[in-house]
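Below are the chains, spelled out letter by letter.
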Amino acid sequence: MIYRIYPENPNPKEIDRVVQILQEGGVIVYPTDTIYGMGCDIFNAKAVEKVCRYKQIDPKKANLSFICYDLSHISEYAKVDNDVFKLMKKNLPGPFTFILNGNNSLPKLFKNKKTIGIRVPDNNVVREIVKQLGNPILSTSVRDESDDVLEYYTDPELMEEKLGHIADVVINSGYGSLDPSTVVDCTGDEPVIVRQGKGVLEY
């Protein structure tokens, strides 16, 4: 199933429909400011496991990210000192994944993880979904690194063909990018860029 939602002015009714799917344990494919993502409600263990099975990763060990609405969400799930908070405030919303030390409020499925990736994409559609849901959604790229047919990961119509058996809905917000987010590890004394992607970090 495809929903057309425009990023300039997301239709609240369409957003509500997607939120309802997430609340019922559904999996969605959604736009970001980089590659389209696949995700679900972080508190729905079955949905998280379904996404992880598709990506062939272990949710207890894999580097998974959460999409948050804004910085106020972040301290609920991760430890953030003042310097890191200022760095994130300067760069978010934007095409970055910040790796932070997790705290005790992480959902049960992630309890064994010491770190968590946090994203606040510069995309109104996914941020409105998270805002209405009331908690983050799981974030993993739709792209399969072993697949050379890159059109599958930029064109929502083709994504629906390829991922319709996993995703309950594919959100069509136009063509996506193939550039990944820039990953910044903030768990040490100084921030370290572990993958240079679309985002250019401002200090």
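Details of the structure are given in the entry above.
The following refers to the structure shown.

The rules we used
- Residues numbered from 1 in each chain as written.
- Predicted model: local features only at pLDDT ≥ 70, side-chain atom pairs only at ≥ 80, totals over all residues.
- Heavy atoms only, no water.
- Phe/Tyr/Trp six-rings, centres within 6.5 Å; stacked < 30°, edge-to-face > 60°.
- Helix = DSSP H or I, 4+ residues; strand = E, 2+ residues; numbered from the N terminus.
- Buried < 20%, exposed > 50% of the residue type's maximum accessible area, 1.4 Å probe, protein only.
- Lys NZ or Arg CZ within 6 Å of the ring centre and 35° of its normal.
- Pairing = 2+ DSSP bridges.
- Expected span 1.5 Å × (residues − 1).
- Arc of directions from axis to C-beta.
- Contact = heavy atoms within 4.5 Å.
- Polar contact = N/O pair within 3.5 Å; in protein donor to acceptor, adjacent residues only side chain to side chain.
- Disulfide = S-S within 2.5 Å.

## Things to note about the packing of aromatic side chains
- In total, this model carries three aromatic pairs according to the counting rule given.
- With 6.5 Å between their ring centres and 50 degrees between their planes, Phe43 and Tyr77 make a pair best called tilted. With Phe43 in the loop between β3 (37–39) and α2 (45–55) and Tyr77 in the loop between α3 (71–74) and β5 (78–79), the pair connects residues that are 34 residues apart, well separated along the chain.
- By relative accessible area, Tyr77 is classed as buried at 4%.
- One aromatic cluster is present, built from ring pairs that chain together Phe43, Phe66 and Tyr77.
- Above the plane of the ring of Tyr3 lies Arg17, whose end atom (NZ or CZ) is 4.0 Å from the centre.

## Side note on the pairing of strand β8 (residues 137–141)
- Counting buried positions over the five residues of β8 gives four, a clear majority of the element.
- Alignment of strand β4 (residues 65–67) against β8, held across three bridges, turns out to be antiparallel. The residue of β8 that forms the bridge with Phe66 is Leu138.

## A look at the pairing of strand β11 (residues 192–195)
- In the sheet, strand β10 (residues 182–185) pairs with β11 via three bridges, with the strands oriented antiparallel. Of the residues in β11, the one forming a bridge with Val184 is Ile193.
- Connecting β10 to the next strand, β11, in antiparallel fashion are six residues.

## What to know about unusual backbone geometry
- Of the consecutive residues Leu92 and Pro93, the connecting peptide bond is found in the cis state with omega at -5 degrees.
- Tracing the chain through its elements places Pro93 in the loop between α4 (82–91) and β6 (96–102).
- In the Ramachandran plot, Gln56 falls in the positive-phi region, its phi being about 55 degrees despite a non-glycine side chain.
- Residue class for Gln56 comes out exposed when judged on its relative accessible area of 73%.

## Observations regarding the environment of Gly188
- Within the secondary structure, Gly188 is located in the loop between β10 and β11.
- Once the C-alpha coordinates of Gly188 and Val126 are considered, the two residues, 62 residues apart in sequence, prove to be 29 Å apart.

## Here's the deal with helix α1 (residues 12–23)
- In this model α1 runs 16 Å from its N-terminal to its C-terminal C-alpha over 12 residues, within 8% of the 16 Å that 1.5 Å per residue would give.
- When α1 is considered as a whole, its buried residues turn out to be Glu14, Ile15, Val18, Val19, Ile21 and Leu22. Buried residues of α1 fall within an arc of 155 degrees about the axis and therefore sit on the same side. Facing away from the buried surface of α1 by more than 90 degrees, the exposed residues are Pro12, Lys13 and Gln23.
- Tucked inside the fold, the buried residues of α1 contact β1 (2–4), β2 (28–30), β3, α5 (124–133), β8 and β9 (169–172).
- Capping the start of α1 is the job of one residue whose side-chain oxygen sits 2.8 Å from the backbone nitrogen of Lys13: Asn11.
- Positive phi shows up at Gly25, right after α1, with a value of about 90 degrees.

## Some details on the environment of Glu8
- Of note, Glu8 is situated in the loop between β1 and α1.
- A relative accessible area of 64% means that Glu8 is categorised as exposed.
- Remark: the alpha-carbon pair of Glu8 and Asp144, spanning 136 residues in sequence, is separated by 28 Å.

## Some remarks on the state of the cysteines
- Tallying each qualifying case throughout the model produces zero disulfides.
- The structure places no disulfide on Cys68, whose sulfur is separated from the nearest cysteine sulfur, that of Cys186, by 14 Å.
- Residue classification places Cys68 among the buried positions, given a relative accessible area of 0%.
- Residue class for Cys186 comes out buried when judged on its relative accessible area of 10%.

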